[in-house]
Amino acid sequence: RFAVVVDPLGGDAEKADAGASSGTIFSVYSARAGGEEGGTRASVLRRGEEMLAAGYVVFGAATQLVLSVGRGVDGFTLHPSLGCFTLTRPQLRMPHTGRFYSVNLGHRRQWSEAMALHVDLVSQSKSLRYTGTFVADVHRTLLYGGVFFYPASSRRPRGKLRLLFQAAPVAFLMEQAGGGSACGAERTLEIEPGTLNQCVPVAFGSRSDVD
Ligand SMILES: O=P(O)(O)OC[C@H]1O[C@](O)(COP(=O)(O)O)[C@@H](O)[C@@H]1O
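All values derive from a computational prediction rather than experimental measurement.

Engineer: How should I be thinking about helix α3 (residues 113-123) in this particular structure?
Structural biologist: For an α-helix the count is 3.6 residues per turn, leaving residues at separations of three or four pointing the same way. Residues of α3 that are buried: A116, V119 and V122. Seen from one end, α3 has its buried residues packed into an arc of 125 degrees, which puts them on one side. Of the exposed residues in α3, those oriented more than 90 degrees away from the buried face are E113, A114, L117 and L121. In this structure, the buried residues of α3 make contact with β7 (100-102) and β9 (147-150).

Now the structure itself:
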């Protein structure tokens, strides 16, 4: 009945070796019948707003599961001695605006002038936080608000993050927690993926910071 999209383990070997957090992201759609591949591809190549559920697990100082089934967002923490997750952050809500912005400034020379100016402007009122591990950056943004960008650049004209595996599930969680997500002028959840690995330039976070 369901089709599940999973980004199994984000964060590369160098970050894991250095002791950084890593994470898993997933999203769930209703399965569509038919199609050459038993409906699998057709079930997931659809707008994020058709998603039934999304979540991630962040493997850091603690193992935390953040989940939405379309009725807000709940956070759970793994208790290894009990072997189960318990509800530790019921109905997470993002602040309307936040203190942090999150972007890889190392790519600045490859951005458009407008993007570089925009980031300069944001930096005047917010502090920079960027781990380079997607789930960790998502988790901090969800908890404390602010804005995360992975913009288009001359090297990556479509950005780096994948719509289906990364941007859409995170957009679903952000919206469910009172935040937002956009790919340029478009709401991320309204974009229909053309291919499984399609990349999008994306921003997400507190509602007023994303707007
Ligand atoms: O090093 P950059 O360009 O800031 O990219 C960091 C981003 O790339 C990722 O490592 C994903 O890269 P991969 O698609 O190569 O797995 C994300 O976890 C992270 O947000």
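Next, the rest of the story.
Engineer: What is the right way to read the domain arrangement of the chain from this model?
Structural biologist: Interface size is often expressed as the accessible area that is lost when the parts come together. Once the domains are mapped, the chain shows domain 1 (2-89) and domain 2 (100-210). Taking the mean C-alpha position of each, domain 1 and domain 2 sit 18 Å from one another. The junction of domain 1 with domain 2 conceals about 2,500 Å² of combined surface from both sides, 69% of it contributed by carbon and sulfur atoms. Ranking the residues of domain 1 by area buried against domain 2 places I25, L45 and Y56 at the top, with a combined share of 24%.

Engineer: Would you take a moment to explain the packing of helix α4 (residues 134-144) against helix α5 (residues 163-176) for this structure?
Structural biologist: Two measures define how a pair of helices packs: the angle their axes make with one another and the distance between the axes. Packing of α4 against α5 brings their axes to within 11 Å, and their N-to-C directions diverge by 15 degrees. One element, α4, and the other, α5, form an angle in the roughly parallel class. As for the relative orientation of α4 and α5, their crossing is right-handed in sense. Contact residues: α4 offers F134, V138, T141 and L142, while α5 offers Q166, V170, L173 and M174. Tallied by class, the residues present in the contact of α4 with α5 amount to six nonpolar, two polar and no charged.

Engineer: Would you mind showing me how to read the environment of S206 here?
Structural biologist: With respect to the secondary-structure elements, S206 resides in the loop between β12 (202-205) and α6 (207-210). The sequence separation of S206 and E175 amounts to 31 residues, and the corresponding C-alpha distance is 9.2 Å. Leaving out residues up to four positions away in the same chain, S206 has contacts with M94, P95, H96, T97, G98, G145, G146 and G179.

Engineer: For this particular structure, what's the right way to read the sheet that holds β7?
Structural biologist: Working definition: the strands of a sheet are paired by backbone hydrogen bonds and lie parallel or antiparallel to each other. Read from one edge of the open sheet, six strands run β8-β7-β9-β12-β10-β11, paired in mixed fashion. The outermost strands of the open sheet, each flanked by one partner alone, are β8 (127-128) and β11 (186-187). Looking at chain direction, strand β10 (residues 180-183) and β12 are connected through three bridges and run antiparallel. Residue pairing in the sheet places G180 in a bridge with G205 of β12. Packed onto the sheet, α3 meets β7 and β9 and runs at close to 160 degrees relative to β9.

Engineer: Can you help me understand the pairing of strand β2 (residues 22-30) in this one?
Structural biologist: Side-chain positions along a regular strand alternate between the two faces of the sheet. Counting buried residues along β2, eight of its nine residues qualify, which places the element largely inside the surrounding structure. Bridge analysis of β2 against strand β3 (residues 53-59) gives seven bridges, and the strand direction is antiparallel. Bridge pairing links V28 to A53 in β3.

Engineer: What am I meant to see in the pattern of salt bridges here?
Structural biologist: Here the idea is simple: oppositely charged side chains can pair when their charged atoms come close. Counted according to the given criterion, the structure contains nine salt bridges. In this structure, D209 engages K126 in a salt bridge whose closest nitrogen and oxygen atoms are separated by 3.0 Å. Of this pair, D209 sits in helix α6 while K126 is found in the loop between α3 and β8, placing the two residues 83 residues apart along the sequence. Here the salt bridges do not stand alone but share partners, grouping R47, E49, E175, R187 and E190 into one network.

Engineer: Would you take a moment to explain the site of the ligand for this structure?
Structural biologist: Around the ligand, the structure places K15, N104, H107, Y130, G132, T133, F134, Y150, K160 and R162. N104 places a polar side-chain atom, nitrogen or oxygen, 2.7 Å from an oxygen atom of the ligand. One of the side-chain N or O atoms of H107 is found 2.7 Å from an oxygen atom in the ligand. Compared with its free state, where it exposes 480 Å², the ligand has 74% of that area covered by protein. Residues that form the shell around the ligand fall into these classes: three nonpolar, four polar and three charged.

Engineer: Please clarify how the side chain of S102 should be interpreted in this entry.
Structural biologist: When you line up the elements, S102 lands in strand β7. With relative accessibility at 1%, the residue S102 sits in the buried group. Polar side-chain contacts of S102 include one of 2.7 Å to the backbone oxygen of R129. At a separation of 2.9 Å, a polar atom in the side chain of S102 contacts the side chain of R140.

Definitions and limits used
Residues numbered from 1 in each chain as written. Predicted model: local features only at pLDDT ≥ 70, side-chain atom pairs only at ≥ 80, totals over all residues. Heavy atoms only, no water. Buried < 20%, exposed > 50% of the residue type's maximum accessible area, 1.4 Å probe, protein only. Helix = DSSP H or I, 4+ residues; strand = E, 2+ residues; numbered from the N terminus. Arc of directions from axis to C-beta. Contact = heavy atoms within 4.5 Å. Domains from an automatic or database assignment. Buried area = accessible area lost by both parts, 1.4 Å probe. Axes fitted to C-alpha atoms, helices over the stretch in contact; angles between N-to-C directions. Parallel < 35°, antiparallel > 145°, perpendicular 65-115°, else oblique. Left-handed = near helix turned anticlockwise from the far one by under 90°. Nonpolar A, V, L, I, M, F, W, Y, C, P; charged D, E, K, R; others polar. Pairing = 2+ DSSP bridges. Salt bridge = Lys/Arg side-chain N within 4 Å of Asp/Glu carboxyl O. Near = heavy atom within 4 Å. Polar contact = N/O pair within 3.5 Å; in protein donor to acceptor, adjacent residues only side chain to side chain. Areas by Shrake-Rupley, 256 points an atom, 1.4 Å probe, with all protein chains shown as cover.

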